[in-house]
Amino acid sequence: MQITVVDHPLAAERLADIRTIESTRPAFRAALEELGTILVYEACREFPTIDVTVTTPLGPAPARRLAHPPLLVPVLRAGLGLLRPALQLLPDAEVAFIGVSRDEATFTPNEYVVKVPANLSGRMCIVLDPMLATGGSLEHTCRLLVDRGVDGPIAVVCVLAAPEGLDRLRDSGLDLHIVTAAVDSHLNEQRFIVPGLGDAGDRQFGAPYHPGS
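Residues numbered from 1 in each chain as written. Predicted model: local features only at pLDDT ≥ 70, side-chain atom pairs only at ≥ 80, totals over all residues. Heavy atoms only, no water.

## Some thoughts on the packing of helix H4 (residues 136-147) against helix H5 (residues 163-172)
As a reminder of what qualifies: Lines fitted to C-alpha atoms define the axes here, with helix axes fitted over just the stretch in contact, and angles between the N-to-C directions of these axes take values from 0 to 180 degrees. Numbering of helices and strands starts at the N terminus; helices are DSSP runs of H or I of at least 4 residues and strands are runs of E of at least 2. Relative orientations are named as follows: roughly parallel for angles under 35 degrees, roughly antiparallel for angles over 145 degrees, roughly perpendicular for angles from 65 to 115 degrees, and oblique for any other angle. In this scheme, a crossing is called left-handed if the near helix is turned counterclockwise away from the far one by less than a right angle; it is called right-handed if the turn is clockwise. Any two residues whose heavy atoms approach within 4.5 Å at even a single point are treated as in contact. Residues are grouped as follows: Ala, Val, Leu, Ile, Met, Phe, Trp, Tyr, Cys and Pro are nonpolar; Asp, Glu, Lys and Arg are charged; every other residue, Gly included, is polar.
The interhelical angle for the contact between H4 and H5, taken along N-to-C directions, is 30°, at an axis separation of 9 Å. In terms of orientation, H4 and H5 fall into the roughly parallel class. Crossing angle aside, the handedness with which H4 passes H5 is right-handed. Contacts between H4 and H5 involve Gly136, Leu138, Glu139 and Arg143 on the former and, on the latter, Arg168, Leu169 and Ser172. The residue makeup of the contact of H4 with H5, split by class, is 2 nonpolar, 2 polar and 3 charged.

Set out below in structure tokens:
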């Protein structure tokens, strides 16, 4: 497993905006998208390219293009905040959706939606999930992609990672490239990343409604 921590002043600036409790919901979403652009850019660094020729106003010029547009896989719901910047950089990419919620008693992942092509053989995938906490949801997501034929490294873009989650994914044996803005200290008893940024889904979209609450 490869881990890339993006050490860049602009990434650090946006991460500070995302972490602070003072950021409003619109400010949080805007900073998340800007940081997402930086992280997705880095995640694509080793993607294969093909040589092409383009015509400039002054004549032909050698150029390179991506060999194949990747499949973007936001993990619902928090991963939606990283989808727009990914599509801005990769407008030809297809999008699949995997919904995984965490059981707050057992901390195990519960799958509730899968909209993924049946055959992913030869496809490059970028999984989008802001928080790598226990690693349960990401391991579940990546195993589903492998079961559908992905045989190369899967790029995983997350804003923050916890050591416990990284250890779990490292022990999983999955071929992953984790791209993150920071590796934080630890998980607390509720399995939230410390110091973290809170709940990325709630801070983007508001707390989900539960009847009777």
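## Points about the pairing of strand S6 (residues 97-102)
Test applied: Paired strands, in this sense, are two strands between which DSSP finds at least two bridges.
Strand direction decides the pairing type here: strand S4 (residues 71-76) and S6, joined by 2 bridges, are parallel. Across the sheet, residue Val75 finds its bridge partner in S6, namely Ile98. Bridging between S6 and strand S7 (residues 109-115) involves 6 bridges; their strand directions are antiparallel. When the bridges of S7 are listed, Ser101 appears paired with Asn110.

## As for the side chain of Thr180
Put simply, the rule reads: The buried label applies to any residue whose accessible area, calculated with a 1.4 Å probe on protein chains only, is under 20% of its type's maximum; exposed applies above 50%, and partly exposed to all values in between. Counting of polar contacts relies on pairs of N or O atoms within 3.5 Å, with two restrictions inside protein: one atom must be capable of donating a hydrogen and the other of accepting it, and residues adjacent in sequence are counted only when both atoms are side-chain atoms.
For Thr180, the location among the structural elements is in strand S11 (residues 176-183). Assessed through its relative accessible area of 1%, Thr180 is described here as buried. Polar contacts involving the side chain of Thr180 include one to the main-chain carbonyl oxygen of Cys158, which spans 3.1 Å. Polar contacts involving the side chain of Thr180 include one to the main-chain carbonyl oxygen of Ala182, which spans 3.2 Å.

## With respect to H4
What counts here: Expected helix span is computed as 1.5 Å times (number of residues minus one).
Compared with an ideal rise of 1.5 Å per residue, which puts 12 residues at 16 Å, H4 spans 16 Å between its outermost C-alpha atoms and is within 8% of the ideal. What H4 keeps buried is the set Gly136, Ser137, Leu138, Glu139, Thr141, Cys142, Leu144 and Leu145. One or two residues past the end of H4 sits Gly149, with phi positive at roughly 115°.

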